[in-house]
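So you can see what is in the structure, the chains are spelled out below.
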Amino acid sequence: MNGWLLAAGSIAAATTVIHVAAGGRSIVRPLLTGPLPAEPKHTLHGVWHLVTADLLLSSVVLLALAFAAAPSAALVLFIAAQYVAYAVVFLIITLAADRPRPLLQLPQWMLLLPVGVLALIGTF
């Protein structure tokens, strides 16, 4: 068993649950009831569900690879790169905003970055 991948997969699974529960209330509901025209509204709604699928599938794969006899380093590196890239996107967006305590405005990076780092460590 690879403990690093188990930790990464567990945090990724928790992130998925948080995304569905909290994101549904704080992101999807306001988005769907907001004043946006139908096409961008439905596109953004679809993107939210794509992210849900990606989070779910990557957490399942990380957990499966944690128990694999010889986990695929290429697959783990790909998933790690995704999570690091997602964290960087949220960090850039939140730091570009002119708000007090910007790192707490979009805290998604706090869950995404550890998954990427732990998965990366799990490849060594």
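To keep things clear, this report deals only with the structure shown in the data block. (Residues numbered from 1 in each chain as written. Predicted model: local features only at pLDDT ≥ 70, side-chain atom pairs only at ≥ 80, totals over all residues. Heavy atoms only, no water.)

With 17 residues, the main nonpolar core has Leu 5, Ala 8, Leu 62, Tyr 83, Val 115 and Ala 119 as its most contacted residues. The set of elements that each furnish at least two residues to this core consists of helix H1 (3-33), helix H2 (38-66), helix H3 (73-96) and helix H4 (109-121). If near-sequence neighbours (up to four positions away) are discounted, Leu 62 is found in contact with Leu 5, Ala 8, Gly 9, Ala 12, Ile 79, Val 115 and Ala 119. (Core = buried A, V, L, I, M, F, W, Y, C linked by side-chain atoms within 4.5 Å. Buried < 20%, exposed > 50% of the residue type's maximum accessible area, 1.4 Å probe, protein only. Helix = DSSP H or I, 4+ residues; strand = E, 2+ residues; numbered from the N terminus. Contact = heavy atoms within 4.5 Å.)

A negative phi angle is the norm for most residues apart from glycine, just as the trans form is the norm for most peptide bonds. Residues other than glycine seldom take positive phi values, yet Arg 101 does so here, at roughly 50°. Counting through the fold element by element, Arg 101 comes out in the loop between H3 and H4. Classification of Arg 101 by relative accessible area gives exposed; the value is 64%.

Take the packing of H2 against H3 next. Following both chains from N to C, one finds H2 and H3 inclined at 140°, their axes separated by 11 Å at the closest point. Between H2 and H3, the interaxial angle falls into the category oblique. Helix-helix and strand crossings are classified by hand; for H2 and H3 the assignment is left-handed. Two secondary-structure elements touch here, H2 through Asp 54, Leu 55, Ser 58, Val 61, Leu 62 and Leu 65 and H3 through Leu 75, Val 76, Ile 79, Gln 82, Tyr 83 and Tyr 86. When its residues are assigned to classes, the contact of H2 with H3 shows 9 nonpolar, 2 polar and 1 charged. (Axes fitted to C-alpha atoms, helices over the stretch in contact; angles between N-to-C directions. Parallel < 35°, antiparallel > 145°, perpendicular 65-115°, else oblique. Left-handed = near helix turned anticlockwise from the far one by under 90°. Nonpolar A, V, L, I, M, F, W, Y, C, P; charged D, E, K, R; others polar.)

Here the focus is H4. Between its terminal C-alpha atoms H4 stretches 18 Å, which fits the 18 Å expected from 13 residues at 1.5 Å a residue. If you check which residues of H4 are buried, you get Trp 109, Leu 112, Val 115, Gly 116, Leu 118 and Ala 119. Structurally, H4 contributes buried residues whose contacts are with H1, H2 and H3. (Expected span 1.5 Å × (residues − 1).)

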